[in-house]
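Observations on the model geometry
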Amino acid sequence: TGKIVNSSPCEIMNRFLASWAENAYDESLELLSDDVKYKDNAVPIWAQNSGTFLGRDAVREAMRQSSEHWDHMARRPGPLRRHSADPMRFHCQIEHAVRHRASGEMLFFKNRMVAKIKGERIAEIKLFHDVAQFQAFLRFIRSTSTGGNSKSPKAECSQAKAPAAS
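Conventions adopted
Residues numbered from 1 in each chain as written. Predicted model: local features only at pLDDT ≥ 70, side-chain atom pairs only at ≥ 80, totals over all residues. Heavy atoms only, no water. pLDDT = per-residue confidence, 0-100. Contact = heavy atoms within 4.5 Å. Helix = DSSP H or I, 4+ residues; strand = E, 2+ residues; numbered from the N terminus. Polar contact = N/O pair within 3.5 Å; in protein donor to acceptor, adjacent residues only side chain to side chain. Patch = residues over 30% accessible without salt bridge, like charges linked within 9 Å, V, L, I, M, F, W, Y side chains within 5 Å. Areas by Shrake-Rupley, 256 points an atom, 1.4 Å probe, with all protein chains shown as cover. Salt bridge = Lys/Arg side-chain N within 4 Å of Asp/Glu carboxyl O. Buried < 20%, exposed > 50% of the residue type's maximum accessible area, 1.4 Å probe, protein only.

A few words now on the confidence of the model for the chain. Residues of the chain with pLDDT of at least 70 account for 83%, and the chain-wide mean is 86. Here residues 147-155 is a poorly scored stretch, pLDDT under 50, and it has eight contacts once near neighbours within four places are set aside; other chains count.

Shown next as structure tokens:
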């Protein structure tokens, strides 16, 4: 991985957030340290792992797994803020719109990202989601995606028509 030339910690974080928002994962990954620690508290709800990924290749795999389950329609980072006690630690809120691939249902949510810069790379990322929102969403799609027959999704309802005037 090449050196990030003359980039301030704020520039590194802003570049990461911009590329991540555009689903440009290769660009995002380039800004991570080789031994980055990535933790996402929502992953254990929909994937069979702890949500902790160590190293750039593991983060690449986490992004791939996420893309298997979710179409990331939009990510909009809020203002990036520095932690007052640690100028190399940043946080921001991110708005998301995702489509669950298996059901086609949309989920809109916000999460909090906390990241730490070490040297010229991002060394740690923690994502904090409303876990109860994800659990409720997944319960909802499980209950509506099959009409008692797990092999056959329910058909969409046709739009109701207004009653004819009498």
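So that's the structure; there's more coming.
Here we come to the side chain of His72. Topologically, His72 is positioned in strand β3 (residues 70-77). At a separation of 2.9 Å, a polar atom in the side chain of His72 contacts the side chain of Ser66. Within the local environment of His72, its side chain forms a polar contact with the side chain of Arg75, the two groups lying 3.1 Å apart. Here His72 is in contact with Asn23, Tyr25, Ser66, Ser67, Ala97 and Val98, once residues within four sequence places are set aside.

Here we take up a nonpolar patch on the surface. A cluster of nonpolar side chains, namely Met73, Met106 and Phe108, defines an oily patch on the protein surface of about 320 Å² accessible area. Along the chain, Met106 falls in strand β6 (residues 106-118). Classification of Met106 as partly exposed rests on a relative accessible area of 31%.

This paragraph deals with the environment of Asn14. For Asn14, the location among the structural elements is in helix α1 (residues 9-21). For the pair Asn14 and Leu80, spaced 66 residues apart in sequence, the C-alpha separation works out to 7.6 Å.

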